[in-house]
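Summary of the model geometry
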Amino acid sequence: MREKKTVFKLFFVWDFEKEERWLNEMAQEGWILDNTGFSFYTFVRCEPGEYIIRLEMNPSSDYRAFVKELGAEYIGGCVNWVYFRRKAELGSFELLSDIDSRLTHLSRINRMLSLLCLANLILGITNSLNQARCGWLNLLCAAMLSYALGRIHGMKAALEKERSLHE
Amino acid sequence: MENLALTESTYYILLSLYHPQHGYGIMQQTEQLSGGRVHLAAGTLYGALTSLCEKGWIRPLPAESGSRKKEYQLTAEGVQVLKHELARLQQLVANGESILKEEAL
């Protein structure tokens, strides 16, 4: 049986690149992600540098099949985020290689956050009006999601500025 | 026809699909044609294939039995788009060359 360890760690939604970097550092140290879900990461032992790991927000199951066709393994996912690993010996492994597709990705995250934010806002207002006790919690969630939306918007604006000059 | 420049990724995907090809084949051909300069990542390629199918510039081929890999090919409209883009690129090159040559004198 391979050695295993589980780490609990939270990343902000706009920090997905930092999360990916951390997972690749773990893989460099000989720990490859084997399972994940909300706030937990289970790693198993691997050869240091054996794998490259990538993550993306893409709910399409057709997409998952497409990436697998390219020799990658689907590790798991959490609220529309999918995690893949591929052997480093197969060459460089990336999910988004141009500005346009990175912008599309950010728009997808934006859409999901907007929906969640709106739902929390509506729940928060109705709960508060009905004097329910958890109304403020929904409003707090909505406020935090708005902040996340602002961060994603900032990332998009920076990319769009770059896109106006080159691909 | 819309007079819009294609992105480098789109241009190479369309070129690669002059003959039927699956995802991995498109990546390899693009890398080979561009001398290793243009690398198509999985998600970028997937997104582009989906939108190019919607536009009708390429089409998925009926899956052969026993093969899981989906193949795509250029449509007649896709060939037109490529020809249009080639003419645009030729003009870009010609303009660049003529002006930079003058500068060199």
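Residues numbered from 1 in each chain as written. Chains lettered and ligands numbered in written order. Predicted model: local features only at pLDDT ≥ 70, side-chain atom pairs only at ≥ 80, totals over all residues. Heavy atoms only, no water.

A word on the packing of helix H2 (residues 23-33) of chain B against helix H3 (residues 42-55) of chain B. Residues and elements named next belong to chain B. With their axes 11 Å apart at the nearest point, H2 and H3 run at an angle of 110° to one another. Between H2 and H3, the angle is such that the two are roughly perpendicular. Crossing angle aside, the handedness with which H2 passes H3 is right-handed. Residues Gly23, Ile26 and Met27 of H2 touch H3, and the partners they reach there are Ala42, Leu45 and Leu49. For the contact of H2 with H3, the residue count by class is 5 nonpolar, 1 polar and no charged. (Axes fitted to C-alpha atoms, helices over the stretch in contact; angles between N-to-C directions. Helix = DSSP H or I, 4+ residues; strand = E, 2+ residues; numbered from the N terminus. Parallel < 35°, antiparallel > 145°, perpendicular 65-115°, else oblique. Left-handed = near helix turned anticlockwise from the far one by under 90°. Contact = heavy atoms within 4.5 Å. Nonpolar A, V, L, I, M, F, W, Y, C, P; charged D, E, K, R; others polar.)

Once that is clear, we can look at the environment of Val81 of chain B. Inspection of the secondary structure assignment puts Val81 of chain B in helix H4 (residues 76-104). For Val81 of chain B, a relative accessible area of 7% puts it in the buried group. (Buried < 20%, exposed > 50% of the residue type's maximum accessible area, 1.4 Å probe, protein only.)

Another aspect to go through is the interface of chain B and chain A. If you look at the interface, chain B gives 19 residues, while chain A gives 18 residues. When chain B packs against chain A, the two sides together hide about 1,500 Å² of surface, and 55% of this comes from carbon and sulfur. Its largest share of buried area at the contact with chain A, chain B owes to His39, Ala42 and Tyr46 of chain B, together 35% of the area lost on that side. For the interface between chain B and chain A, the tally reads 0 salt bridges. Our enumeration of links across chain B and chain A arrives at 12 residue pairs in polar contact (both at pLDDT 80 or more). (Buried area = accessible area lost by both parts, 1.4 Å probe. Salt bridge = Lys/Arg side-chain N within 4 Å of Asp/Glu carboxyl O. Polar contact = N/O pair within 3.5 Å; in protein donor to acceptor, adjacent residues only side chain to side chain.)

Residue and element names in this part refer to chain A. Strand order in the open sheet formed by 3 strands is E4-E6-E5, with antiparallel pairing between adjacent strands. Each edge of the sheet is formed by a strand with only one pairing partner; in this case those strands are strand E4 (51-57) and strand E5 (73-78). When strand polarity is set aside, the average angle formed by the axes of neighbouring strands in this sheet is 20°. By the bridge criterion, 5 bridges tie E5 to strand E6 (residues 81-87) in an arrangement that is antiparallel. Opposite Cys78, over in E6, you have Trp81 as the bridge partner. Against the sheet, helix H1 (residues 16-28) makes contact with E4 and E6, and its axis sits at roughly 160° relative to E4, the strand it touches most. Packed on one face of the sheet, helix H3 (residues 99-129) meets E4 and E6 and runs near 50° to E4. (Pairing = 2+ DSSP bridges.)

In this structure, Ile13, Leu14 and Leu49 of chain B are the most contacted members of the largest nonpolar core, which totals 31 residues. Where this core is concerned, the elements lending two or more residues are helix H2 (61-69) and E6 of chain A together with helix H1 (8-16), H2, H3, strand E3 (71-74) and H4 of chain B. With 6 residues, H3 of chain B is the largest single contributor of residues to this core. Leu14 of chain B has contacts with Leu6, Leu52, Trp57, Ile58, Leu74, Val81 and Leu82 of chain B, leaving out every residue within four places of it along the chain. Formed by 29 residues, the second largest nonpolar core is a distinct cluster that contains Leu33, Ile53, Cys117 and Leu149 of chain A. (Core = buried A, V, L, I, M, F, W, Y, C linked by side-chain atoms within 4.5 Å.)

This part is about a nonpolar patch on the surface. Residue and element names in this part refer to chain A. Taken together, the side chains of Leu121, Ile125, Leu129 and Leu139 make up a nonpolar region of the molecular surface, amounting to roughly 360 Å² of accessible area. Element by element, the count of residues in the nonpolar patch is highest for H3, at 3 residues. Tracing the chain through its elements places Leu121 in helix H3. Since its relative accessible area comes to 38%, Leu121 is described here as partly exposed. (Patch = residues over 30% accessible without salt bridge, like charges linked within 9 Å, V, L, I, M, F, W, Y side chains within 5 Å. Areas by Shrake-Rupley, 256 points an atom, 1.4 Å probe, with all protein chains shown as cover.)

Okay, H3 of chain B next. Residues and elements named next belong to chain B. For H3, with 14 residues, the first-to-last C-alpha span of 20 Å sits near the 20 Å given by 1.5 Å per residue. For H3, every residue scored as buried is listed here: Ala42, Gly43, Thr44, Leu45, Tyr46, Ala48, Leu49 and Leu52. Downstream of H3 by a residue or two, Gly56 has a phi angle that is positive, lying close to 85°. (Expected span 1.5 Å × (residues − 1).)

Here we take up the sheet that holds strand E3 (residues 40-45) of chain A. All names here are of chain A. In space, the 3 strands of this open sheet follow the order E1-E3-E2, with antiparallel pairing throughout. Every other strand in the sheet has two partners, leaving strand E1 (4-8) and strand E2 (31-37) as the edge strands with one partner each. Ignoring which end each strand starts from, the neighbouring axes of this sheet average 30° apart. Strand direction decides the pairing type here: E1 and E3, joined by 5 bridges, are antiparallel. Across the sheet, the residue bridging to Phe8 is Phe40, located in E3. Along the sheet, H1 contacts E1, E2 and E3; its crossing angle with E3, the most-contacted strand, is approximately 25°.

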